[in-house]
Amino acid sequence: MKKETVINGVMTLKPSSAFVGASWMALLIGMTAFCIGLFNAEMELNEKGYYFTILLFGLFSVISVQKSVRDRMEGIPVTDLYYGICWFTTVAAVVLLIIGLWNADLFLSEKGFFGMAFTLSLFAAIAVQKNTRDLKQAEAQNI
């Protein structure tokens, strides 16, 4: 039996423990793989710092997008300015990673590795944020 709640006309299902666990694992695997790749990469420390900052920037940006989209769906006011900034920073993080990898002196396989670990991390961060919010709402509704 599915546990669900309706808030402002939007039905929210309580995520399963398996999905919550898989989301957290994907986030940890993506971030850890990206950081291990940086640690092992033969590049200058400032370049490693650039890629690490892009990872953190991207994670924060996608969480902000997910929250603002969800707030709007639930009728919680979100200014157009903040909503636009969230999307801009998300796109900027992805573009900055692409530009950095395009110009990096790395093997193509390394570039692909960093791109995929980054993508996995961003997607997983969105899923973790969604699950956290769904679980909090289910807890408030006692379902």
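Calculation criteria
Each chain carries its own residue numbering, running from 1 in the written order of its sequence. In keeping with the model being predicted, local features are shown solely for residues with a pLDDT of at least 70 and side-chain atom pairs are shown and tallied solely at 80 or more, while totals for entire chains, interfaces and linings include all residues. Side-chain measures were taken over the full set of non-hydrogen atoms in the model, leaving aside hydrogen atoms and water. Working definition: helices are DSSP H or I runs of at least four residues, strands are E runs of at least two. Numbering for both runs from the N terminus. Every helix has an expected span of 1.5 Å times one less than the residues it contains. In summary, the pairing rule links any two rings of Phe, Tyr or Trp, Trp by its six-membered ring, whose centres are within 6.5 Å, and it sorts them by plane angle into stacked for under 30 degrees, edge-to-face for over 60 and tilted for everything else. A 1.4 Å probe rolled over the protein chains alone gives each residue an accessible area, and that area as a share of the maximum for its type sets the label: buried under 20%, exposed over 50%, partly exposed in between. The criterion for a charge sitting over a ring is simple: Lys NZ or Arg CZ within 6 Å of the ring centre, and within 35 degrees of the ring normal. Among the buried residues, those of types Ala, Val, Leu, Ile, Met, Phe, Trp, Tyr and Cys that are joined through side-chain atoms within 4.5 Å form a nonpolar core. The contact definition used throughout considers only heavy atoms, calling two residues in contact when any of these lie within 4.5 Å.

Caption draft 1: Summary view of helix α4 (residues 108-141). For α4, with 34 residues, the first-to-last C-alpha span of 49 Å sits near the 50 Å given by 1.5 Å per residue. One or two positions beyond α4, positive phi appears at Asn 142, with a value near 55°.

Caption draft 2: Spotlight on the packing of aromatic side chains. Considering all chains together, one arrives at five aromatic pairs under this definition. Ring geometry for Tyr 50 and Tyr 51: centres 5.3 Å apart, planes at 75°, overall edge-to-face. Where Phe 113 meets Phe 114, the ring centres are 5.6 Å apart and the plane angle is 70°; that geometry is what we call edge-to-face. On the basis of relative accessibility, which here comes to 2%, the residue Phe 114 falls in the buried class. Through a chain of ring-to-ring contacts, the aromatic side chains of Phe 34, Tyr 50, Tyr 51, Phe 113, Phe 114 and Phe 118 assemble into a single cluster. Directly above the aromatic system of Tyr 83 lies the positively charged group of Arg 72, at a separation of 4.0 Å from the ring centroid.

Caption draft 3: Summary view of the nonpolar core. Core analysis: the largest hydrophobic core is formed by 23 residues, its most contacted members being Phe 34, Tyr 51, Leu 97, Phe 114 and Phe 118. Among the secondary structure elements, those contributing two or more residues to this core are α1 (17-40), α2 (45-73), α3 (80-103) and α4. Per element, the largest residue contribution to this core is seven residues, and it comes from α4. Not counting residues up to four positions away in its chain, the partners in contact with Leu 97 are Phe 34, Tyr 50, Tyr 51, Ile 54, Phe 114, Gly 115 and Phe 118.

This is a description of form; function is not addressed.
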